[in-house]
Amino acid sequence: MLMAIIKKELLQLWRDPRLLALMIVMPLVLLILFGVALKLEPDNVRMAYYDQDRSIFALNIRTHLWSEGYFDLYEVDSKQQITEEIRSGRAKAGLWIPETFTAELIENEQPHVTIFVDGTMPSLTTAMKYNSDSTTDSEVTHDMYFQEPDETPVVIAEDPFILDVEVLFNPGEKETWFFLPGVIGVLIMQVALILTGISVVREREKRTLEQLLVTPVSKISFVMGKVLPYVVIALLDFYFILAAGWLLFDLPQPSSHFLLFLLALVFVAVMIALGLLISLLAKTQQQAMFIAIFIIVPSILLSGFIFPLEAIPGSVRPLSYCIPFTYFVEVIRGLLIKHTLWQDLMIDYLALMGFAVLFVGLSIIKFKRTL
Amino acid sequence: MIEAVDLTKRFGQNLAVDSVSLSIPKGQIFGLLGPNAAGKTTLIRMLCGILKADGGHLSIDDKTGLLAKSHYGYVAQYFGQYEELTVWENLKFYAQMYNVTDTAHLEQLLSRYQLDTFKHRPAGKLSGGYQRRLALVCAVAHDPEVLFLDEPTAGIDPVTRKILWDEFYRLSGEGKTLFVTTHYMEEAQRCHQLAFISSGKIVARGTPSSIISALGDVDVYATHLSYQPELREELSQLEGMVLLNQFGDELRLVVRASLSQQELASRISNITGQASDLDKTTANLEDVFIALTQSRAD
């Protein structure tokens, strides 16, 4: 009896080639993808610098930071601008060399050089701090010692300058601040994809679709009728989870409640529409579940949610930008933690809206009035 | 009114429906008869617009495509209403799909189909017979001119079947056109017009009485005999034997005119060892059904 049931289960699986393909090919694809893409050590982290000193010594520091390959330096024209670059997400780090640097260096007054790091992503923050430490290594500083000819040489010299590392946004480097906003997105993604992922395929399996298709129901009514109620439900769910985050984990308030609502609305719409598309593509509820999972897993790993986007190799990075969740993570961290300006988030909002339109459009195309 | 010309549907290599043309006037009950896998459901689904025909032309009430949709209703072979919704919620939903919102009209329909007592019961909790009534009431909520019914009484008890057929007659009397697929002979008998489909082709059509002539020039005999495999074996070998059909203690024989009554009688008594009283009778629809199905299979 046992063997008969086992055999029957295997036969049923074997007769569903799409499911088999999903079970075998997708894990392989994801394994290779993650094998290539997932590294904890980022490189080419964008660093905005403002060098007021412009001496050979300042150049030395910049060259060193650049030559390690870890930071990718570009110039801005004020100290304030460094903060803004990091707030907008264009840079993850900043370097400020003050005007008096060389003057103080010559006088052995130990000038200060400041490195700013983005604190919203603690793993990246730690890595950036670690990588900027070498700035005070002797290979950088050995030309920076100034001595009077009659002075007795010091055996162990102090560093000629002091490197200050300032953590911006989330100075306490709280891991919960970093993860929780993204977690909300993951939860919503799961709810939305699974809720709508089965919605059409279930009607197909229960044969209610056949009766529905006979009616003059329009494509738009069908698709929007399937999308809208779930958008409202998932939206309520979003605020429910967020409220729990505020209550239980002291999550900061957003810079703008309107923008947060807009984000929730657009993201939820994207996910519900994607769920509907899955449901139209899948032939069985099982297949729909598999497809949903295979969208959720790379979304979590490649979106910058856990691993910094900077750590994803350039060859795979375009894929990260094909994941709606990537934009969600960027925006929600911007709103809750960095208080990023609206202008700097606009592109992310536009990307999310683009996805919503794309998925709804594809669903309308994919919805056939015939069986 | 249904007009179909050369409707064709292919599934891969298999020609499921092969150039079927139909013209069904208003107010008729049209029966599509055929064995399983003959193409009945495929044809009815094409007529309802939920399966795209590979070729041919179709109009319902002189409308085609989307425009025709509000002119017909459809009851699928399997229960396709929402099990979680109540009878009333299902009916309102389907009515709204056709922009019908007149609740008094819907209430009236419920009582006409004796569903008013189950108004607030989830559809999934209804018995098979009431589920079929619900499907029917949902299909007629928008008062369509044409009704497509795919095996509407399959698996339904005789009393409910009669009630449903009374309803079909009433609808036909009101001038509605009904298209019914079935493989029940007594049901086929009730239709005004019949078409017999086999392997995707219409092989016979006409009124129930005229379709019997599809058998050609045959004689039909009946005798009282219990089932005997060797007798069956022997008789089926005979030149001119069209069909052997055992019904309990009755054996029906459909034979070409070349096979005489005397020869048959002697063959039978040779095997059974006793004289048999062979009564000459007339062919019925079941004889036609089985004979046509067998001849296509051969």
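Residues numbered from 1 in each chain as written. Chains lettered and ligands numbered in written order. Predicted model: local features only at pLDDT ≥ 70, side-chain atom pairs only at ≥ 80, totals over all residues. Heavy atoms only, no water.

## Details of the overall build of chain A
- Looking only at helices and strands, one finds 16 helices and five strands in chain A.
- The C-alpha atoms of chain A give a radius of gyration of 27 Å, which is well past the 21 Å a tight globule of 371 residues would have.
- Relative to its full complement of 371 residues, chain A shows a buried share of 51%.
- In chain A, the share of contacts with a sequence separation of at least 24, taken over all contacts with a separation of at least 6, comes to 78%.
- Here chain A displays about 17,700 Å² of accessible surface, and carbon together with sulfur accounts for 66% of that area. (Helix = DSSP H or I, 4+ residues; strand = E, 2+ residues; numbered from the N terminus. Rg over C-alpha atoms; globule rule 2.2 N^0.38 Å. Buried < 20%, exposed > 50% of the residue type's maximum accessible area, 1.4 Å probe, protein only. Contact = heavy atoms within 4.5 Å. Areas by Shrake-Rupley, 256 points an atom, 1.4 Å probe, with all protein chains shown as cover.)

## Thoughts on the interface of chain B and chain A
- With 24 residues of chain B at the interface, the matching set in chain A holds 16 residues.
- Regarding the contact of chain B and chain A, the summed buried area is about 1,900 Å², with carbon and sulfur atoms giving 58% of it.
- Of all residues in chain B, the largest losses of buried area upon contact with chain A belong to Ile50(B), Lys69(B) and Met97(B), amounting jointly to 27% of the total for that side.
- Between the two partners, chain B and chain A, sit three salt bridges.
- For Arg202(A), the salt bridge goes to Glu84(B), with nearest N and O atoms at 2.5 Å.
- Summed over the shared surface of chain B and chain A, the number is nine residue pairs in polar contact (both at pLDDT 80 or more).
- Of all the secondary-structure elements, those providing two or more residues to the side of chain B that touches chain A are strand S5 (72-75) and helix H3 (87-97) of chain B.
- Among the residues forming the side of chain B that touches chain A, the class breakdown is 15 nonpolar, four polar and five charged. (Buried area = accessible area lost by both parts, 1.4 Å probe. Salt bridge = Lys/Arg side-chain N within 4 Å of Asp/Glu carboxyl O. Polar contact = N/O pair within 3.5 Å; in protein donor to acceptor, adjacent residues only side chain to side chain. Nonpolar A, V, L, I, M, F, W, Y, C, P; charged D, E, K, R; others polar.)

## Concerning a positive patch on the surface
All names here are of chain A.
- Where like charges cluster on the molecular surface, the positive patch consists of Arg18, Arg204, Lys283, Lys366 and Lys368.
- Structurally, Arg18 is set in helix H2 (residues 17-37).
- Take Arg18: its relative accessible area is 40%, and that puts it in the partly exposed class. (Patch = residues over 30% accessible without salt bridge, like charges linked within 9 Å, V, L, I, M, F, W, Y side chains within 5 Å. Lys, Arg positive; Asp, Glu negative; His and termini not counted. Charge placed at Lys NZ, Arg CZ, Asp CG, Glu CD.)

## Quick notes on the packing of aromatic side chains
- For the coordinates displayed, the defined rule picks out 23 aromatic pairs over all chains.
- Judged by centre distance (5.4 Å) and plane angle (80 degrees), the rings of Phe238(A) and Tyr239(A) are edge-to-face.
- With a centroid separation of 6.1 Å and 40 degrees between ring planes, the pair formed by Phe290(A) and Phe294(A) is classed as tilted. One end of the pair is Phe290(A) and the other is Phe294(A), both in helix H13 (residues 285-302) and four residues apart, which spans about a single turn.
- Note on Phe294(A): relative accessible area 12%, which makes it buried.
- Feature note: the residues Phe179(A), Phe238(A), Tyr239(A), Phe267(A), Phe305(A), Phe325(A) and Phe328(A) constitute an aromatic cluster, connected by ring pairs.
- Positioned above the aromatic ring of Tyr74(A), the side-chain terminus of Arg46(A) is 4.2 Å from the ring centre.
- Between the NZ or CZ atom of Arg161(B) and the centre of the ring of Tyr184(B), over which it lies, the distance is 4.1 Å. (Phe/Tyr/Trp six-rings, centres within 6.5 Å; stacked < 30°, edge-to-face > 60°. Lys NZ or Arg CZ within 6 Å of the ring centre and 35° of its normal.)

## Brief notes about empty space enclosed by the protein
- Using the criterion set out here, one finds four cavities of 30 Å³ or more in the structure.
- By volume, the largest cavity is sized at about 70 Å³.
- As for the largest cavity, its lining consists of Gln211(A), Val214(A), Thr215(A), Gly73(B), Tyr74(B), Gln81(B), Tyr94(B), Tyr98(B), Ala135(B), Cys138(B) and Ala139(B).
- When residues of the lining of the largest cavity are traced back to their parent elements, those giving at least two are helix H10 (208-214) of chain A together with S5 and helix H5 (128-140) of chain B.
- Among the residues making up the lining of the largest cavity, the classes are represented as seven nonpolar, four polar and no charged.
- Taken as a whole, the second largest cavity spans an internal volume of roughly 40 Å³.
- If you trace the second largest cavity, you find it lined by Val140(B), Asp143(B), Pro144(B), Leu147(B), Leu171(B), Lys176(B) and Leu178(B).
- The residue makeup of the lining of the second largest cavity, split by class, is five nonpolar, no polar and two charged. (1 Å grid on protein atoms, 1.4 Å probe; cavity = no way out; pocket = protein on both sides within 12 Å on 5 of 7 lines; lining within 4 Å. Points joined across faces, edges and corners; volume = space filled by probe spheres on them.)

## Topic: the domain arrangement of chain A
Residues and elements named next belong to chain A.
- Partitioning chain A into structural domains gives domain 1 (45-168) and domain 2 (174-366).
- Between the C-alpha centres of domain 1 and domain 2 there is a distance of 41 Å.
- Counting residues at the interface gives 14 residues for domain 1, matched by 17 residues for domain 2.
- Both sides of the domain 1 and domain 2 interface together cover about 1,200 Å² of buried area, and 60% of this is carbon and sulfur.
- Connecting domain 1 to domain 2 are two salt bridges.
- In this structure, Asp344 engages Arg90 in a salt bridge whose closest nitrogen and oxygen atoms are separated by 3.1 Å.
- For the side of domain 1 that touches domain 2, the elements supplying multiple residues, two or more each, are helix H4 (79-88) and helix H6 (122-133).
- By residue number, the principal contributor to the side of domain 1 that touches domain 2 is H4, which donates four residues.
- Considered class by class, the residues forming the side of domain 1 that touches domain 2 number five nonpolar, four polar and five charged. (Domains from an automatic or database assignment.)

## As for a nonpolar patch on the surface
- Taken together, the side chains of Leu2(A), Met3(A), Ile6(A) and Leu10(A) make up a nonpolar region of the molecular surface, amounting to roughly 440 Å² of accessible area.
- Mapped onto the elements, Met3(A) comes out in helix H1 (residues 2-14).

## Describing the side chain of Thr215(A)
- Following the sequence through the fold, Thr215(A) ends up in the loop between H10 and helix H11 (219-249).
- Judged by relative accessible area, which is 1%, Thr215(A) ranks as buried.
- Of note is the side chain of Thr215(A), whose polar atom sits 2.6 Å from the backbone oxygen of Leu212(A).
- Those residues in contact with Thr215(A) that sit more than four places away from it in its chain are Lys69(B), Tyr94(B), Met97(B) and Tyr98(B).

## Here we look at the packing of helix H9 (residues 229-236) of chain B against helix H10 (residues 261-272) of chain B
Residue and element names in this part refer to chain B.
- Closest axis-to-axis distance for the H9/H10 pair is 10 Å, and the angle between their directions is 145 degrees. The handedness of the crossing between H9 and H10 comes out as right-handed. Two secondary-structure elements touch here, H9 through Glu230, Leu231, Glu234 and Leu235 and H10 through Leu264, Arg267, Ile268, Ile271 and Thr272.
- Among the residues making up the contact of H9 with H10, the classes are represented as five nonpolar, one polar and three charged. (Axes fitted to C-alpha atoms, helices over the stretch in contact; angles between N-to-C directions. Left-handed = near helix turned anticlockwise from the far one by under 90°.)

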